[in-house]
Structure formats: structure tokens, C-alpha cells
Amino acid sequence: MNIERKYYAQAQETIKNIEESTKKHNASLTEKERIEESRKIQLELEKFINRYNEKMKNAPEPVLDREKIIYFHEISRQALRMAKQIQADIKISTEDRIRGEITLKTDFILLDSDYPAYPRIILCNLLMSADQIHVSASDNLTEFNFYFDLCI
């Protein structure tokens, strides 16, 4: 059996079509229409920013959650052990105090049945417990960013 779906390629084609449509639309506008459209977009953006700022004024101060902080330190310790085993670069940070981040960079990960189980378990724990995950590739390296909210 062989199943293949090209969702990435489809998404890229859709993005390309939208960009082409936008370019055609913009090319068909007069200078005055472009200025007016730009002004409308600017006003909408300003309204959005103002609404956001108003909400943030009324938002409560973040309260750190002791259990989440303890868990982040524990999973960070495990991630260090895993990174050493799979030979990945790792960075752990809590720069903004309300969010913890674990970043792994590597060009290759192999976790097969002959390999010790704990790197696979730790990677699964990171994937399951992170509040947000971002995976990207550049310079022949894959970067995994795991974000953990440290507030209630």
C-alpha cells in the first residue's frame, strides 16, 4: 500500500494563487485607489491594536504556577539527557519568566527499537506536554521549539 497526499504542495499553490490575485488587483488600481485602500487597511490595523491594548490594560497580571515551573525544570532535565543521547543541540530558556522554552536542533533523529527507550519517551513527553510546538528547518538542521506556559 502506498498513500500520498501533498498538502504542503497544495497549500503553497493556494498561497501562490492568492499572491498573484493580489498583485493583479493592486495593478488594476489607480494611484488614488491604492492610497485609499492602504488608508483603510491602516485604520483597521489601528483599531485592532487599540482594542488589543485596551484588553491588555484590563487583563490581570500573570501569576506563576509553582507546579508548572517544577514540571518545566524536570522536563528540561530530561531533555538535556535526551539531547546528549541523540546528539542534538539544546537550549533551555525562561527569558520572559512566564514562558519556558526548550529548543532542540539536529540534522537527524533515529529512535528505533534497539535504541534505549528513554529518548523516545522524553520526546513523546515534550510533544504531549508542551503548550505550543514549532518545528522548522534551515541550514540542513531541523529545529524543534517546545513552549511551556508557566502561569496559572
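The coordinates are above.
Since we're looking at a predicted model, the values are computed, not measured.

*Asks:* Teacher, can you tell me more about the packing of helix H1 (residues 7–28) against helix H2 (residues 31–58) here?
*Replies:* The description of two packed helices rests on the angle between their axes and on the distance between the axes. Here H1 crosses H2 at 125°, and the two axes come no closer than 8 Å. As summarised for this structure, H1 and H2 are arranged oblique, according to the angle between their axes. Every residue of H2 that contacts H1 at His25, Asn26, Ala27 and Ser28 is listed here: Glu33, Arg34 and Glu37. A breakdown of the residues in the contact of H1 with H2 according to their chemical character gives one nonpolar, three polar and three charged.

*Asks:* Can you walk me through the side chain of Thr106 in this structure?
*Replies:* Within the secondary structure, Thr106 sits in strand S2 (residues 99–106). At 3.1 Å, the side chain of Thr106 forms a polar contact with the backbone oxygen of Phe108. Each residue touching Thr106, except ones within four places of it in the same chain, is listed here: Gln87, Ala88, Leu141 and Thr142.

*Asks:* Please clarify how unusual backbone geometry should be interpreted in this entry.
*Replies:* Trans is the common state for peptide bonds, and a negative phi is the common state for residues other than glycine. Phi at Arg97 takes a positive value of approximately 65°, unusual for a residue other than glycine. Within the secondary structure, Arg97 is located in the loop between strand S1 (89–93) and S2. Classification of Arg97 as exposed rests on a relative accessible area of 59%. Notably, Asn140 is not glycine yet its phi reads approximately 60°, a positive angle. Here Asn140 lies in the loop between strand S3 (132–138) and strand S4 (141–149).

*Asks:* Help me understand the side chain of Asn145, please; the structure alone is not making it clear to me.
*Replies:* As for its position among the elements, Asn145 is in strand S4. Residue classification places Asn145 among the buried residues on the basis of a relative accessible area of 3%. There is a polar contact of 2.7 Å between the side chain of Asn145 and the side chain of Thr103.

*Asks:* Can you walk me through the sheet that holds S4 in this structure?
*Replies:* For sheets, the rule is that strands pair by backbone hydrogen bonds, running either parallel or antiparallel. One open sheet holds the four strands; their spatial order is S1-S2-S4-S3, and the pairing between them is antiparallel. Unpaired on one side and paired on the other, S1 and S3 mark the two borders of the sheet. The mean angle between the axes of side-by-side strands here comes to 15°, regardless of whether they run parallel or antiparallel. As paired strands, S2 and S4 are joined by eight bridges and run antiparallel to one another. Residue pairing for S4: Thr103 is matched across the bridge by Asn145. Across the face of the sheet, helix H3 (residues 66–86) comes into contact with S1, S2 and S4 while running at roughly 10° to S2. Strands in contact with helix H4 (residues 117–129) are S2, S3 and S4; relative to S4, the strand with the most contacts, it is inclined by about 55°.

*Asks:* So what exactly am I meant to see when it comes to H4 here?
*Replies:* Helical geometry: 3.6 residues make up each α-helical turn, so side chains three or four residues apart lie on a common side. Between its first and last C-alpha atoms H4 spans 18 Å; for 13 residues at 1.5 Å apiece the expected length is 18 Å, and the two agree. Buried within H4 are the following residues: Pro119, Ile122, Leu123 and Leu126. Relative to the axis of H4, the buried residues are bounded by an arc of 100° and lie together on one face. For H4, the elements touching its buried residues are H3, S2, S3 and S4.

Definitions and limits used
Residues numbered from 1 in each chain as written. Predicted model: local features only at pLDDT ≥ 70, side-chain atom pairs only at ≥ 80, totals over all residues. Heavy atoms only, no water. Axes fitted to C-alpha atoms, helices over the stretch in contact; angles between N-to-C directions. Helix = DSSP H or I, 4+ residues; strand = E, 2+ residues; numbered from the N terminus. Parallel < 35°, antiparallel > 145°, perpendicular 65-115°, else oblique. Contact = heavy atoms within 4.5 Å. Nonpolar A, V, L, I, M, F, W, Y, C, P; charged D, E, K, R; others polar. Polar contact = N/O pair within 3.5 Å; in protein donor to acceptor, adjacent residues only side chain to side chain. Buried < 20%, exposed > 50% of the residue type's maximum accessible area, 1.4 Å probe, protein only. Pairing = 2+ DSSP bridges. Expected span 1.5 Å × (residues − 1). Arc of directions from axis to C-beta.

Note that all results are geometric; they support no functional claim without further evidence.
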